[in-house]
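As a plain string of letters, each chain reads:
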Amino acid sequence: MTNTLYRKHIISIPDFTRQELELVVETAGRLKREPRNDLLQGKLIASCFFEPSTRTRLSFETAVQRLGGNIIGFADGGNTSAKKGETLADSLKIIGDYSDAVVMRHPKEGAARLASEFSPVPIINGGDGSNQHPTQTLLDLFSIYETQGTLENLTVAFVGDLKYGRTVHSLTQALSLFNANFYFVAPEALAMPDYICEELDEKGIKYTLVSSLEEVIPEIDVLYMTRVQRERFDEAEFKKIQGQFILKADMLKHARENMKILHPLPRVDEIAVDVDATPHAYYFQQAKNGVYARQALLSLVLNETV
Amino acid sequence: MQYTRTVEALKEGTVIDHLPAGQGLKILRLFRLADTGERVTVGLNLISRHMGNKDIIKVENVALTAEQANELALFAPQATVNVIENFDVVRKHKLVLPETIEGIFACPNSNCISHNEPVSSFFYVKEHKNDTKMRCKYCEKVFSKDIVAEVR
């Protein structure tokens, strides 16, 4: 497979072709089976986190170090010249001159796209406000491929906050390239945005809006859970909807054998702890896969062949 | 009904005609035509043989480009844009909905990076059912064209 990701900015899932998504997934699998410590040898990666992050930053930094690369950067924008009023455009022009690639997270939507217009080296988006978080989607896809053996024709339910959850939007966009069939399970106030549903309509992808989580469980291959944030509701309303979007082990009795549960984490109480011991739970392995997916992406962006 | 010329003829410049009545001032504001420093004549609620009522804008000494004319298509697809030289129409722009629009409208998303940085706003334009949608290149949010026009 030709590596079309070489020297490319990684900003948003809709920028990827189906082949490119498959290439990342295939490479992640290979690096998980046969670890390499030389793919980023001699490369310096800037890790620029203008807002805090735990998993994304640490898994990127782990990925770089395990591949033999070096890393510079910061974990909090408060200590940078952004605080003195420097534009992001100027910051990234300079950081790009120091490094071979820049991984960045920023609180404003569009920050990574903007950075890509000014940086002389590839920008990898580690999250831009509520917009995109493409590497989360890549690790989700890798976890799905790993557990299902395919990305094709899967039935996937998304549960919880589908309105604000950026990981849900990107994964829906990615899986729609593989003819998925979707169930969207959410309270009305947190329903999937119109623009995503319109995109699915245009592509002829089947989706169904449902209000009960239990009723879709026997139908699906992947259950993608997200957190419903208490602060988006008043207390009475929250109590009313809360129970409908909590997954407990006894709800999994009729699940297909291959069905796996994913969650971008952190979870609060939307997945009961008793689910962890079931063979369907896969969210912790999924989080670990973040390192392999990011290793794959960094290797492909910085090497013509991997 | 007798049709009489109610707005003085233009020697050099651009005539934006057949704007739906009520759109004239909006177009003037959106496209900052008054900021050109040139003489601008605006006619509101004029009688039109085809439209009943219409608005018209004449801007002296400014020749609208095809791109600028197409941006008008978002709000008044039936408008005509004629460039005048020495009292003659030298170009008639046929309005086509543009694929992208740069620098005219601010992004309605207040958390979009385009507000704080040295870049022009940039939208991809897409017709959807009976609406025209605009997607910001930076924050990737999708807005109805009327929402985008409101914030300018």
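Residues numbered from 1 in each chain as written. Chains lettered and ligands numbered in written order. Predicted model: local features only at pLDDT ≥ 70, side-chain atom pairs only at ≥ 80, totals over all residues. Heavy atoms only, no water.

**Comments concerning the UniProt feature "binding site: L-aspartate" (unreviewed entry) in chain A**
Residues and elements named next belong to chain A.
- Using the residue numbers shown here, the UniProt feature "binding site: L-aspartate" (unreviewed entry) corresponds to K84, R166 and R227. Spanning 144 residues, the named residues are also spread out in space, since their farthest C-alpha pair is 35.3 Å apart.
- Assignment of secondary structure puts K84 in the loop between β2 (70–74) and α3 (88–98).
- The exposure class of K84 is exposed, given its relative accessible area of 76%.
- Tracing the backbone shows R166 in helix α6 (residues 166–175).
- In contact with R166, other than residues within four places in its own chain, are R105, G127, D128, G129, S130, N131, Q132 and H133. (UniProt positions renumbered as here; feature names shortened; annotations may be inferred. Helix = DSSP H or I, 4+ residues; strand = E, 2+ residues; numbered from the N terminus. Buried < 20%, exposed > 50% of the residue type's maximum accessible area, 1.4 Å probe, protein only. Contact = heavy atoms within 4.5 Å.)

**A look at the pattern of salt bridges**
- Under the counting rule described, the total for this entry stands at 17 salt bridges over all chains.
- With its nearest N and O atoms 2.7 Å apart, the salt bridge here joins E117 of chain A to K137 of chain B. Here the residue E117 of chain A occupies a position in helix α4 (residues 111–118), and K137 of chain B occupies one in the loop between β8 (131–136) and β9 (142–144), the pair thus bridging two chains.
- Judged by relative accessible area, which is 16%, K137 of chain B ranks as buried. (Salt bridge = Lys/Arg side-chain N within 4 Å of Asp/Glu carboxyl O.)

**Let's talk about the packing of α6 of chain A against helix α7 (residues 194–203) of chain A**
All names here are of chain A.
- Their axes nearest at 11 Å, the elements α6 and α7 cross at an angle of 5°. When the axis of α6 is compared with that of α7, the two are roughly parallel. For the pair formed by α6 and α7, the contact residues are H169, T172 and Q173 on the first element and Y195, I196, E199, L200 and K203 on the second.
- Residues of the contact of α6 with α7, tallied by class, amount to three nonpolar, three polar and two charged. (Axes fitted to C-alpha atoms, helices over the stretch in contact; angles between N-to-C directions. Parallel < 35°, antiparallel > 145°, perpendicular 65-115°, else oblique. Nonpolar A, V, L, I, M, F, W, Y, C, P; charged D, E, K, R; others polar.)

**What to know about the packing of helix α5 (residues 134–148) of chain A against α6 of chain A**
Residues and elements named next belong to chain A.
- Their axes nearest at 9 Å, the elements α5 and α6 cross at an angle of 55°. Taken together, the axis directions place α5 and α6 in an arrangement best described as oblique. Along this stretch, α5 crosses α6, giving a crossing that reads as right-handed. Mapping the contact onto sequence places Q136, T137, D140, L141 and I144 in α5 and T167, S170, L171, A174 and L175 in α6.
- Looking at side-chain class alone, the contact of α5 with α6 contains five nonpolar, four polar and one charged residues. (Left-handed = near helix turned anticlockwise from the far one by under 90°.)

**Structural notes on the side chain of E140 of chain B**
- Inspection of the secondary structure puts E140 of chain B in the loop between β8 and β9.
- Within the structure, the side chain of E140 of chain B is placed 2.8 Å from the side chain of S12 of chain A, a separation counted as a polar contact.
- Ignoring anything within four residues of it in the chain, the contact list for E140 of chain B reads S12, R113, N131 and Q132 of chain A together with R135 of chain B. (Polar contact = N/O pair within 3.5 Å; in protein donor to acceptor, adjacent residues only side chain to side chain.)

**Digging into the interface of chain A and chain B**
- Taken together, the contact between chain A and chain B spans 20 residues of the former and 18 residues of the latter.
- Carbon and sulfur atoms make up 47% of the area that chain A and chain B hide from each other, which totals about 1600 Å².
- Three residues, K108, E109 and L114 of chain A, lead the burial of chain A against chain B; their summed loss comes to 33% of the area buried on that side.
- Connecting chain A to chain B are four salt bridges.
- Ionic pairing is found between K126 of chain B and E202 of chain A, a salt bridge with its closest N-O pair at 3.3 Å.
- Remark: the boundary between chain A and chain B carries 15 residue pairs in polar contact (both at pLDDT 80 or more). (Buried area = accessible area lost by both parts, 1.4 Å probe.)

**Here's the deal with the environment of E12 of chain B**
All names here are of chain B.
- For E12, the location among the structural elements is in the segment before β1 (13–20).
- Between the C-alpha atoms of E12 and A34, which are 22 residues apart in sequence, the distance is 16 Å.
- Ignoring sequence-local partners within four residues, the contact set of E12 consists of V59, E60, N61, I84, E85 and N86.
- At a separation of 3.2 Å, a polar atom in the side chain of E12 contacts the main-chain amide nitrogen of N86.

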